[in-house]
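In case you want the letters, here they are:
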Amino acid sequence: MTDSADSRDHFIQLKNVSKTYQLGETQVPALKDLNLELRKGEFTALIGASGSGKTTLLNLIGCLDRADSGEIILDGQPVSRLSERELGDLRNHKIGFIFQSFHLIPVLNVFENVELPLTIRPEIPESERKSLVEQALKDVGLETFAHHRPDQLSGGQRQRVAIARALVKRPALILADEPTANLDSETTRKMIDLLFELNQKRQITFFFCSHDDKLISRVARILRIRDGQIESVS
Ligand code: ADP
Ligand code: MG
């Protein structure tokens, strides 16, 4: 965790962000006037009970959804003013995602799964694509598993494929939504160590959410979310 507090280099800023879902006749407020700042290279954990708004917040930061009100500034750009196409570009270039259920494509092997985010980037030549995938597999210790399919891997290995797929485009930011929820405690510990290592080595900003207090005891910055609002910061 690089702590260059003096530089205050905010990578992400949320100002009074609100999001309400419409569920039939019912309005479900998911985020209420939420404020948040993340600095470049920081490793932050967001902890909150199920239903507290974690996924909604990650989806907004990841430009997968739009806020109803308030402002989200990502690397100096107010995302509300970007077109769908510009949002897509921002997502494809700067943000990597790790999901709880891995979201691997079963018919593709490990190499092809990791390569996927690069296939929509025609400006990257094939030879460079190949070396980016190889580097990402090396980073997660799966270089000898390139030709395995997901069903030939353990849960921990599958999650490492998902991490490599998030890393492969060299994003500035990785968003992880409960990435350890389906893993046993030993695998979880190893995975958090790996994420820390990547955070340090690659200077990637990590925003990691979980409902489990225990696994984030080593994280420097912890935010707690409750009923759609950041409750405390430690
Ligand atoms: P968490 O990830 O912390 O479990 P979510 O962000 O998924 O929380 O959900 C926050 C609140 O918004 C919950 O009350 C949830 O039921 C509601 N919610 C989430 N997604 C939707 C949706 N697509 N439609 C309606 N309500 C939703
Ligand atoms: Mg969630």
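See the structure shown above.
Observations regarding unusual backbone geometry
So, point 1. Positive phi, close to 50°, is recorded for Asn-16, a residue that is not glycine.
So, point 2. You can see Asn-16 is positioned in strand 1 (residues 10-23).
So, point 3. Owing to a relative accessible area of 41%, Asn-16 belongs among the partly exposed residues under this scheme.
So, point 4. Although it is not a glycine, Asp-33 sits at a positive phi angle of roughly 50°.
So, point 5. Note that Asp-33 resides in strand 2 (residues 26-39).

A closer look at the layout of surface pockets
So, point 1. By volume, the largest pocket is sized at about 310 Å³.
So, point 2. Forming the boundary of the largest pocket are 14 residues, of which Phe-97, Phe-99, Pro-117, Arg-165 and Lys-169 lie nearest the centre.
So, point 3. Mapped by element, the contributors of at least two residues to the lining of the largest pocket are helix 2 (84-94), strand 6 (95-98), helix 3 (110-119) and helix 5 (155-167).
So, point 4. At three residues, the largest contribution of residues to the lining of the largest pocket is made by strand 6.
So, point 5. In terms of residue class, the lining of the largest pocket is built from eight nonpolar, three polar and three charged.

A closer look at the sheet that holds strand 6
So, point 1. Spatial ordering of the open sheet is given by 6-7-8-3-9-10, a layout of six strands whose pairing is mixed. A strand with exactly one partner marks an edge of an open sheet, and here the two such strands are strand 6 and strand 10 (229-233). Strand-to-strand twist of the sheet, defined as the mean angle between neighbouring strand axes without regard to direction, takes the value 20°.
So, point 2. Here strand 9 (residues 221-226) pairs with strand 10 via four bridges, running antiparallel. The residue of strand 10 that forms the bridge with Arg-224 is Ser-232.
So, point 3. Across the sheet, helix 6 (residues 185-202) is in contact with strand 3 (43-47), strand 6 and strand 8 (205-210); its angle to strand 8 comes to roughly 160°.

Observations concerning helix 3
So, point 1. Most of helix 3 is tucked away: seven of the 10 residues are buried.
So, point 2. Listing the buried residues of helix 3 in full gives Val-110, Phe-111, Asn-113, Val-114, Glu-115, Pro-117 and Leu-118.
So, point 3. The inward-facing, buried residues of helix 3 abut helix 4 (126-139) and helix 5.
So, point 4. Residue Asn-109 occupies the N-cap position of helix 3, its side-chain oxygen lying 3.1 Å from the main-chain nitrogen of Phe-111.

Considerations on the environment of Lys-32
So, point 1. Inspection of the secondary structure assignment puts Lys-32 in strand 2.
So, point 2. Sequence separation between Lys-32 and Asp-227 is 195 residues; the distance between their C-alpha atoms is 8.0 Å.
So, point 3. If we ignore the near neighbours within four places in the chain, the residues touching Lys-32 are Val-17, Ser-18, Asp-227, Gly-228 and Gln-229.

Some points on the sheet that holds strand 1
So, point 1. Spatially, 2-1-4-5 is the arrangement adopted by the four strands of the open sheet, whose pairing is antiparallel. Here the strands that pair on one side only, and so sit at the sheet edges, are strand 2 and strand 5 (77-78).
So, point 2. Two elements, strand 1 and strand 2, share 10 bridges in a ladder whose sense is antiparallel. For Thr-20, the partnering residue across the bridge sits in strand 2 and is Pro-29.

About the thresholds
- All residue numbers here refer to positions counted from 1 along the written sequence of the relevant chain.
- Key to labels: chains lettered from A, ligands numbered from 1, both in the order written.
- The predicted nature of this model means local features are confined to residues of pLDDT at least 70 and side-chain atom pairs, given and counted, to a pLDDT of 80 or more, with totals for whole chains, interfaces and linings taken over all residues.
- Note that water and hydrogens are dropped before the side-chain values are worked out from all heavy atoms of the structure.
- The helix count covers DSSP runs of H or I at least four residues long, the strand count covers runs of E at least two residues long, and both are numbered beginning at the N terminus.
- Exposure classes here rest on a 1.4 Å probe applied to the protein chains alone. A residue is buried below 20% of its type maximum, exposed above 50%, and partly exposed in between.
- The way it works is a 1 Å grid over only the protein atoms, where trapped points that fit a 1.4 Å probe form a cavity and open points with protein on both sides within 12 Å along at least five of seven lines form a pocket, and then any residue with an atom within 4 Å of a point lines it.
- Grid points are joined across faces, edges and corners, and a volume is the space filled by probe spheres set on the points.
- Amino acids are sorted into nonpolar (Ala, Val, Leu, Ile, Met, Phe, Trp, Tyr, Cys and Pro), charged (Asp, Glu, Lys and Arg) and polar (every other residue, Gly among them).
- Here, a strand pair is defined by DSSP locating no fewer than two bridges between the strands.
- Throughout, an axis means a line fitted to C-alpha atoms (over the contacting stretch in the case of helices), and angles, computed between N-to-C directions, take values from 0 to 180 degrees.
- Here, residues are in contact when the closest pair of their heavy atoms is within 4.5 Å.
- Here a polar contact means two N or O atoms within 3.5 Å. Within protein one must be a hydrogen donor candidate and the other an acceptor candidate, and residues neighboring in sequence count only if both atoms are side-chain atoms.

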